[in-house]
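Letter by letter, the chains look like this.
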Amino acid sequence: MAIRRKRVRYHKLPKFMHRPLRFLLAQWDRFNGLSRRQKITIFSAIAAFFLIVVPLGSYLYLVRDINDPERLMNRNNTGIVLTDQNDEVIYSFGKTADNRNVQLEELPDDLVNALIASEDRDFYEHGGFSLRRIAGSLYANVLNRDITRYGGSTITQQLVKNNLLTSNKSFLRKYQELAISIAVERHYTKEEILEMYLNSVYYGEGAFGIDVASETFFEKPPSELSLAESSMLIGILPAPSAYSPISGDIELAKEQQERVLNAMVTTEFITEQEKTSALEEPLQLSETGAEEQLYAQHFSRMVIAELEERYGEERTARSGFRVKTSLDLDWQQKAEAEIAGRIALLQAQGATNASLVAIDPNNGQIRALVGSVDWENEEFGQVNMAISPRQPGSSFKPIYYAEALEQRQITPATIIRDEAKQYGDYRPENFDFRFRGDITARYALGNSLNIPALEVIQGLGVAEASETAQRMGITTVDDPDSYGLPLALGTAETPLLQMTNAYAAFAHGGRLFESTTIVEIVDKYNDMIYKSDPRLEQVQSPEASFLISSMLSDESARAATFGSSLNIPNHQVAVKTGTTNDNKDAWTIGYTRDIAIGVWVGDNKHQPMTVGGSAAAGPIWLNTMQHILQGRSPHQFPRPGSITETYVCTVNGSYTEYFIPGTEESECDRPTQTNTPSRSEQEAEERRRQEAEEERGRLEEEAEQRRLDREAQEAEDEDDDEDITDPEDDETPELP
């Protein structure tokens, strides 16, 4: 019975595809008409062609590398260099172009035997690959339901894979590896293969080859390595970063050393007594590895981790990458200096650590990232607090306020009652234990009032607030049932990086870029292998984002609580602080149209402080933001064309307010003046007034200082007169 095929509608395809498609369909019909034996013959021919062409093509492509030991070892121009966006070097390691090639007879037998025992016991029997190892790895892969997890590679295969092929785990790559391994085995002796492997493999800490590794880890030539030291170096090969006894986990390193020694006992290279003695031998490790870290340690570790996740540790270390990162070194140094100075002042108040993130809202690039106040601090210095979740306090409020605005549940002019209220067993207070009565949403958010915030999230729903946070990239707010209404006050822990990027989305009209650290990557051959193209997603409406930006940048609305402590003259800056119970966490996050900065201050052990968000994190945020904005032209947040203005009369005054269409309040009577200022005009006038007050205050301070200087000079002159008239008088009159 013929199979009916659905008629192809060619007119829906480009005209140039009609003829090729007809040809392919005709061939498929012909194939279906063949007998089963004919189909098997065709498939066998295709498989045979693949089995012949792939190894032959791979060999012809790599024959130059196979025949040249130096190219096969691929040691030159290895390592990584990270630069900031202006090509200033911030991190480098692993430059090993001048490695000495150590002859096999110079190496201790224990080192060579450790390698064979732990990595390839059949090394001297196989011709490049081991069927027994391949069968064992396939069995392990089936048990783990991952057909590529265990590779069963021989030493020869590892040499080929590390130096000539990609780290991609696929059947094609594995077949290429087998074919090239056979070619290498036929071209070199077993001793030459061992020598090339030991002189080229990556041992971690930026060390390629046994010569550099021996000096890096033990500060001695490889000929002097003991059994304990040899087994340690071979043990870390499967995962150099994780198993490094210098910068990795020393306990894992010891476990790997014992694994190698056990394998040497099994293969009868050493005795049980020798193994015990080696495990008991104290190792004199070098204090530092081969890498060079100049600036931004936590940021650099994030970049390296991303590279290793993308390309694998071996290729990352060997490819000679030059990585242009998103970092601005000037901003980074300013941020580090501000944090160091502020924490030095606040330590007596319990603030022992701080972190900062600066993000460009227009592309998601991280311009500065400080993970801790001091990288060298043995207790917490290497914990990256920029990505460690902490309670954000009131800095979480704009996330769900924006969604309530978007869903038309509130407007900036909505009146909310701020009064003592109990929600079941939960009885919240405002930060100052006072209540304001009726207040607009604009002024409630500006002054960080808790009762109005709880009313907003209750109307929106905790689950909806949690979903909004996740949509805006705050992935840790994922369990609304456990939060309840206290989520309104920032009780769910969030990372500073994700919070700052969510604020950056407000600055970019509700569009969220995936935060990025890498701009582009060039390899040792100067080939561009990666260029950043971050994912962009609309996570909030432009209208709601504009309203939140307007509310958070309203200097007059927050003046009652914060005064002018967060204001930056001539720049429209949206900003919000946050403080948790007992002042365990202090936050300040703010943004302009072109930069978003978030700051956390606290203690890694969650010890309480005696200082809150605006006083602890605020100055770091303010000084860093002022430094970045210096010399920049001021910009307003772009107002969507759909936003309307209406003159309103509220408990917080009469002014022109912004609204999403359909949510406008009834317009009240305007003053008799012919031209009523708009909200933006009022904001500009308020800034001019504050600048005038600041200038007047500065002039008064200068006048007072001149008066004091004049009085001091007069007193000094009187003292000189007394000295002249009575030289025996030793007393000096006090200055006023």
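Going by the structure above, here's the rest.
What you see is a predicted model; the values in this text were computed from it and never measured.

Quick notes on the rules
Residues numbered from 1 in each chain as written. Predicted model: local features only at pLDDT ≥ 70, side-chain atom pairs only at ≥ 80, totals over all residues. Heavy atoms only, no water. Helix = DSSP H or I, 4+ residues; strand = E, 2+ residues; numbered from the N terminus. Buried < 20%, exposed > 50% of the residue type's maximum accessible area, 1.4 Å probe, protein only. Contact = heavy atoms within 4.5 Å. Areas by Shrake-Rupley, 256 points an atom, 1.4 Å probe, with all protein chains shown as cover. Phe/Tyr/Trp six-rings, centres within 6.5 Å; stacked < 30°, edge-to-face > 60°. Lys NZ or Arg CZ within 6 Å of the ring centre and 35° of its normal. Axes fitted to C-alpha atoms, helices over the stretch in contact; angles between N-to-C directions. Parallel < 35°, antiparallel > 145°, perpendicular 65-115°, else oblique. Left-handed = near helix turned anticlockwise from the far one by under 90°. Nonpolar A, V, L, I, M, F, W, Y, C, P; charged D, E, K, R; others polar. Polar contact = N/O pair within 3.5 Å; in protein donor to acceptor, adjacent residues only side chain to side chain. Pairing = 2+ DSSP bridges. Disulfide = S-S within 2.5 Å. Salt bridge = Lys/Arg side-chain N within 4 Å of Asp/Glu carboxyl O. Patch = residues over 30% accessible without salt bridge, like charges linked within 9 Å, V, L, I, M, F, W, Y side chains within 5 Å. Lys, Arg positive; Asp, Glu negative; His and termini not counted. Charge placed at Lys NZ, Arg CZ, Asp CG, Glu CD. Core = buried A, V, L, I, M, F, W, Y, C linked by side-chain atoms within 4.5 Å.

Comments concerning the overall build of the protein
- Secondary structure assignment for the protein yields 27 helices and 19 strands.
- Scored against the burial criterion, the 736 residues of the protein give a buried share of 49%.
- In the protein, of all internal contacts separated by at least 6 residues, the share reaching a separation of at least 24 is 68%.
- A total accessible area of about 36100 Å² is found for the protein, and carbon and sulfur atoms account for 49% of it.

Considerations on the packing of aromatic side chains
- Per the counting criterion, the structure on display carries ten aromatic pairs.
- Aromatic side chains Tyr311 and Phe321 sit 5.3 Å apart centroid to centroid with 55° between the ring planes, which places their arrangement in the tilted category. Taken together, the residues Tyr311 in helix H14 (residues 297–311) and Phe321 in strand E6 (residues 321–325) connect sequence positions ten residues apart.
- For Tyr311, a relative accessible area of 11% corresponds to the buried category.
- One aromatic cluster in this structure is built from Tyr503, Phe506, Tyr591 and Phe637.
- In this structure, Lys190 is placed above the aromatic ring of Phe123, and the distance from its NZ or CZ to the ring centre is 4.5 Å.

Thoughts on the packing of helix H17 (residues 397–406) against helix H23 (residues 542–552)
- The geometry of H17 relative to H23 is characterised by a closest axis approach of 9 Å and an angle of 130° between their N-to-C directions. Comparing their axes, H23 and H17 come out oblique. Note on packing geometry: the crossing formed by H17 with H23 is right-handed. Across the interface between the two elements, Pro398, Tyr401, Ala402, Leu405 and Glu406 from H17 touch Ala544, Leu547, Ile548, Met551 and Leu552 from H23.
- When grouped by side-chain class, the residues that make up the contact of H17 with H23 number nine nonpolar, no polar and one charged.

Observations regarding the side chain of Glu520
- By secondary structure assignment, the location of Glu520 is in strand E12 (residues 518–522).
- When its relative accessible area of 17% is taken as the criterion, Glu520 is described as buried.
- Of note is the side chain of Glu520, whose polar atom sits 3.1 Å from the side chain of Lys531.
- Other than its neighbours up to four places away in sequence, Glu520 contacts Arg322, Val323, Lys324, Met528, Tyr530 and Lys531.

Some thoughts on the pairing of strand E15 (residues 574–579)
- The element E15 is largely enclosed, with a buried count of five among its six residues.
- Across six bridges, E15 lies against strand E16 (residues 585–591) in antiparallel orientation. By the bridge assignment, Thr579 is partnered in E16 with Ala586.
- The turn joining E15 and E16, which pair antiparallel and follow one another in sequence, is formed by five residues; a positive phi near 60° is taken by Asp582.

Considerations on the state of the cysteines
- Across all of its chains, the model carries one disulfide by this definition.
- Each disulfide pairs two cysteine sulfurs, and for Cys649 the partner residue is Cys668, the sulfurs being separated by 1.9 Å. Its S-S torsion of about 80° marks the bond between Cys649 and Cys668 as right-handed, since a negative value means left-handed. With Cys649 in strand E18 (residues 644–650) and Cys668 in the loop between strand E19 (653–659) and helix H27 (679–725), this residue pair connects regions lying 19 residues apart in the sequence.

Some remarks on H17
- The element H17 is extensively covered by neighbouring structure, given that nine of its ten residues are classed as buried.
- Taken together, the buried positions of H17 are occupied by Lys397, Pro398, Ile399, Tyr400, Tyr401, Ala402, Glu403, Ala404 and Leu405.
- Elements in contact with the buried residues of H17: helix H18 (441–446), helix H19 (450–460), helix H20 (462–471), helix H22 (496–507), H23 and E15.

What about the pattern of salt bridges?
- Within the structure shown, the criterion is met by 21 salt bridges.
- Close ionic contact of Lys605 with Glu379 constitutes a salt bridge, the shortest N to O distance being 2.8 Å. Of the two residues, Lys605 is situated in the loop between strand E17 (596–602) and helix H25 (613–616) and Glu379 in the loop between strand E8 (366–370) and H17; the sequence distance between them amounts to 226 residues. Across the pair, Glu379 and Lys605 agree in class, each one exposed.
- Between Asp585 and Arg390 there is a salt bridge, and its shortest N-O distance comes to 2.7 Å. One end of the pair, Asp585, is in strand E16; the other, Arg390, is in the loop between E8 and H17, with 195 residues separating them in the sequence.
- Overall, the relative accessible area of 3% leaves Asp585 in the buried class.
- Note on Arg390: relative accessible area 2%, which makes it buried.
- Bridged by salt links that share partners, the residues Arg417, Glu419 and Asp438 form one connected network.

A few points about the packing of helix H16 (residues 329–346) against helix H26 (residues 618–629)
- As a packed pair, H16 and H26 sit with axes 10 Å apart at the nearest point and diverge in direction by 155°. Judged by the angle between their axes, H16 and H26 are roughly antiparallel. Judged by the twist between their axes, the crossing of H16 over H26 is right-handed. Contacts between H16 and H26 involve Asp330, Trp331, Lys334, Ala335, Glu338, Ile339 and Arg342 on the former and, on the latter, Pro619, Ile620, Asn623, Thr624, His627 and Ile628.
- Residue composition of the contact of H16 with H26, grouped by class: six nonpolar, three polar and four charged.

Concerning a negative patch on the surface
- A contiguous patch of negative charge on the surface is contributed by Glu215, Glu219, Glu224 and Glu287.
- Structurally, Glu224 is set in the loop between helix H9 (210–218) and helix H10 (227–235).

Here's the deal with the nonpolar core
- Ranked by internal contacts, the top residues of the largest apolar core, which has 94 residues, are Leu307, Val323, Tyr400, Tyr401, Leu487, Ile548 and Tyr591.
- For this core, the leading source of residues is H22, giving nine residues.
- Excluding residues that lie within four positions of it along the chain, Tyr400 makes contacts with Ala453, Val456, Ile457, Leu460, Ala465 and Ala488.
- Formed by 46 residues, the second largest nonpolar core is a distinct cluster that contains Ala117, Phe217, Leu261 and Ala263.

Notes on the sheet that holds E8
- Pairing in this open sheet of five strands is antiparallel, and the strands run E8-E7-E17-E16-E15 from one edge to the other. Whereas interior strands pair on both sides, the edge strands pair on one side only; in this sheet they are E8 and E15. Here the average twist between neighbouring strands, direction ignored, is 5°.
- With seven bridges joining them, strand E7 (residues 353–359) and E17 adopt antiparallel strand pairing. Paired with Ser355 across the two strands is Trp600, which belongs to E17.

Quick word on H23
- In terms of burial, H23 is largely enclosed, as ten of its eleven residues are buried.
- Every buried residue of H23 is accounted for by Glu543, Ala544, Ser545, Phe546, Leu547, Ile548, Ser549, Ser550, Met551 and Leu552.

Description of the pairing of E17
- Among the seven residues that make up E17, seven are buried, leaving the element largely enclosed by the rest of the structure.
- The alternating pattern of E17 places Ala596, Gly598, Trp600 and Gly602 on one face and Ile597, Val599 and Val601 on the opposite face, and all of these are buried.
- In this sheet, E17 lies alongside E16 in antiparallel orientation, the contact comprising seven bridges. Each bridged residue has a counterpart across the sheet, and for Ala586 the counterpart in E17 is Val601.

Quick look at unusual backbone geometry
- At Glu268, a residue that is not glycine, the phi angle is positive and equals roughly 65°.
- Counting through the fold element by element, Glu268 comes out in the loop between helix H12 (250–266) and helix H13 (272–280).
- Phi at Asp582 takes a positive value of approximately 60°, unusual for a residue other than glycine.
- Along the polypeptide, Asp582 turns up in the loop between E15 and E16.
- On the accessibility criterion, Asp582 (53% relative accessible area) is exposed.

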